[in-house]
Amino acid sequence: MKNKMRKALCLMLALLMFASLMSIGAFADKSVKQYKDYLCLGDSIASGYGLPSYEATVDPWKGTYLNEDIIHDGSYAQIVADAVGAKVAESRAHSGWRTADYLDMMGYKNLMEYDPYISEVGADFFITGMGWLKTRDNPQLVGSGERAIESIKKANLITINLGCNDVFSYAQGVTMATVSNRLGWASLYDVPNSIADVNNTFTSLIKTMATGDVKELLSTYVGALIKGSELFEAHLPKFLNIVKQLNPDATIVIVGMTCPLSINFPVDLDALGVDIYSYFDYFCDKENKFMQDLAVKNGCLFADVSGADCWGTKVLDATGIFEGSLLGVEVSGIKMVHPSEEGHAYMAKKILAVLPGYDGEIPSLPFVDVPEGSWYYDAVEYCYDRGITQGTDATHFSPTSSVTRGQLATFLYRMAGSPSVAGQYETFNDVYSNAYYYNAVVWAQNKGVVTGYDSTTFGPNNTVTRAEAVTMLARYAGVTEASASYSQFTDAYSIPTYACGAVSWAKDNNIVSGYPDGSFRPGNPLSRAEMATILTNYSVNYHA
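Note that this is a predicted model, so its numbers are computed, not measured.

A. Region of the structure containing helix α15 (residues 341-354). For α15, spanning 14 residues, the distance from its first C-alpha to its last is 21 Å, which sits close to the expected 20 Å at 1.5 Å a residue. By the criterion of burial, α15 is predominantly enclosed, with 11 of the 14 residues buried. All buried positions along α15 are accounted for by Glu341, Glu342, Gly343, His344, Ala345, Tyr346, Met347, Ala348, Lys349, Ile351 and Leu352.

B. The arrangement of the packing of aromatic side chains in detail. Tallying each qualifying case throughout the model produces 16 aromatic pairs. One aromatic cluster is present, formed by Tyr413, Trp443, Tyr476, Trp505, Tyr538 and Tyr542 through successive ring pairs. Positioned over the ring face of Phe458 is Arg405, at 4.6 Å from the centre of the ring. Sitting over the face of the ring of Tyr515, Arg521 holds its NZ or CZ atom 3.8 Å from the ring centroid.

C. Structural view of the pattern of salt bridges. The tally for this structure, following the rule as stated, stands at 12 salt bridges. A salt bridge links Asp293 to Lys289, with the nearest nitrogen and oxygen atoms 2.7 Å apart. Of the two residues, Asp293 and Lys289 both sit in helix α14 (residues 276-297), four residues apart, roughly one turn of that helix. Here the salt bridges do not stand alone but share partners, grouping Glu90, Arg92 and Lys154 into one network.

D. Spatial organisation of the packing of helix α4 (residues 76-83) against α15. Relative to each other, α4 and α15 sit at 45°, their axes nearing to 8 Å. If you check the angle between α4 and α15, you find them oblique. As α4 runs across α15, the sense of the crossing is right-handed. Here Tyr76, Ile79, Val80 and Ala83 of α4 come into contact with α15, specifically with His344, Ala345, Met347, Ala348, Ile351 and Leu352. Split into classes, the residues belonging to the contact of α4 with α15 amount to nine nonpolar, one polar and no charged.

E. Looking closely at the nonpolar core. Counting 128 residues, the largest nonpolar core has Ile158, Ile160 and Phe239 as its most contacted members. The leading source of residues in this core is helix α12 (residues 211-246), at 10 residues.

F. Up close: the packing of helix α17 (residues 405-415) against helix α18 (residues 438-446). Two elements in contact, α17 and α18, have axes separated by 8 Å at closest approach and are oriented at 75°. Judged by the angle between their axes, α17 and α18 are roughly perpendicular. Residue-level inspection shows Ala409, Thr410, Leu412 and Tyr413 of α17 in contact with α18, the latter providing Asn439, Ala440, Val441 and Trp443.

Rules and cut-offs
Residues numbered from 1 in each chain as written. Predicted model: local features only at pLDDT ≥ 70, side-chain atom pairs only at ≥ 80, totals over all residues. Heavy atoms only, no water. Helix = DSSP H or I, 4+ residues; strand = E, 2+ residues; numbered from the N terminus. Expected span 1.5 Å × (residues − 1). Buried < 20%, exposed > 50% of the residue type's maximum accessible area, 1.4 Å probe, protein only. Phe/Tyr/Trp six-rings, centres within 6.5 Å; stacked < 30°, edge-to-face > 60°. Lys NZ or Arg CZ within 6 Å of the ring centre and 35° of its normal. Salt bridge = Lys/Arg side-chain N within 4 Å of Asp/Glu carboxyl O. Axes fitted to C-alpha atoms, helices over the stretch in contact; angles between N-to-C directions. Parallel < 35°, antiparallel > 145°, perpendicular 65-115°, else oblique. Left-handed = near helix turned anticlockwise from the far one by under 90°. Contact = heavy atoms within 4.5 Å. Nonpolar A, V, L, I, M, F, W, Y, C, P; charged D, E, K, R; others polar. Core = buried A, V, L, I, M, F, W, Y, C linked by side-chain atoms within 4.5 Å.

Given below as structure tokens:
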């Protein structure tokens, strides 16, 4: 039985790797300058944490990570290396690392800024519970600093993707250390209900505390975010200067930060008067602006990867922990803040777009079912490039599949920039907090974009009709008046009364044009190709 299971797992992983490889070829673009040697530097995002190929190098039962110094199939590093024709492609990205860890491991500890939190709180908690200080004793990482230096010296193209651990993981670690020391816990593993995972242990810690203590914890957390930001902005210029000194001729791309951070706080933050989610967006924007300015100042390139799809948009259970992984074991909450396969493809496109020789054409979509020249290709590309839509998997968009009401709410929510819904609620009995579309529906109901079949029923998994879709889009646009041009459609009599104004508005603004026979077909299910076209037409013809 065990042998059969092992063979099945190996076959499944092999198929996943093959699928990843098949999707990569679509990015090969000879218009982009070719580089012989490519080097990827960064943290777990750069290393490909969470991808099927990454998990294939992890023994989840023993907690052993074998991912270091590997460019994983489906990661943005692998896609970029393929696109630039790299003969040598190396990764010196390490899960959990901050910029300070690169300085330390590469022999530049003297350049590290004084860190009062680690010095005063004590390093023991971090060493036993946080990867980026534990790395010094990890036998897999012996000589990692020296290897990074040698790789930097010979690379023609270098991408640097740091910051999330410097700011966000740092703040969580500092907060847990501060509180845990006060409560007499020596490490993360001593926290009640801990699964030795930063995100989920953080929520477990909060569950053990009184309301007043939670407010104190969040205050410490915000202070640590500020300090983490200061340290990052002090360390990254030093690290960049070292890289440039080691290799003054390399093309360097600083990859921006994407912030999918969505910790499940099991307390009423509004009652505490703390909008912690707004801090995530603030620091993400702050560091992206800092990195962009740093790149310009130092003659480097900057790739804005905001909006990359992450595993956190997948289905989670009520605790924020993944229900299962590709290996059939529980996946930690850390995974949900890392890019998915679609997210890595998106990041690769953004990196390729800033490279010399880029001719203004985005490399081909990774979807084998969206052929160039199809009537919906440009629309799918438009929405995909802007993070409004992703594929149904890494290589398929499924253009003829129907869109559900929950999906359309999600697309509109992304188009709005995925604003915070802290303090907002929905009234639907069939919309659950662990659903991927939950935040989107909360936002949409509070903005009046959706009303539901009634006050308690939304029907998130029901297919959305063309009439419903145009109505939701009109509400999104804030349309209150419209002409009666809907009557020009040959089947105007079948357009529901509630949708007549929206259909007229959409027709007047070239958002919809109907079918060649002059009909609108309001009751037809909206396909994903039609959805992409309508959202693109709205953005280009109306919103612009």
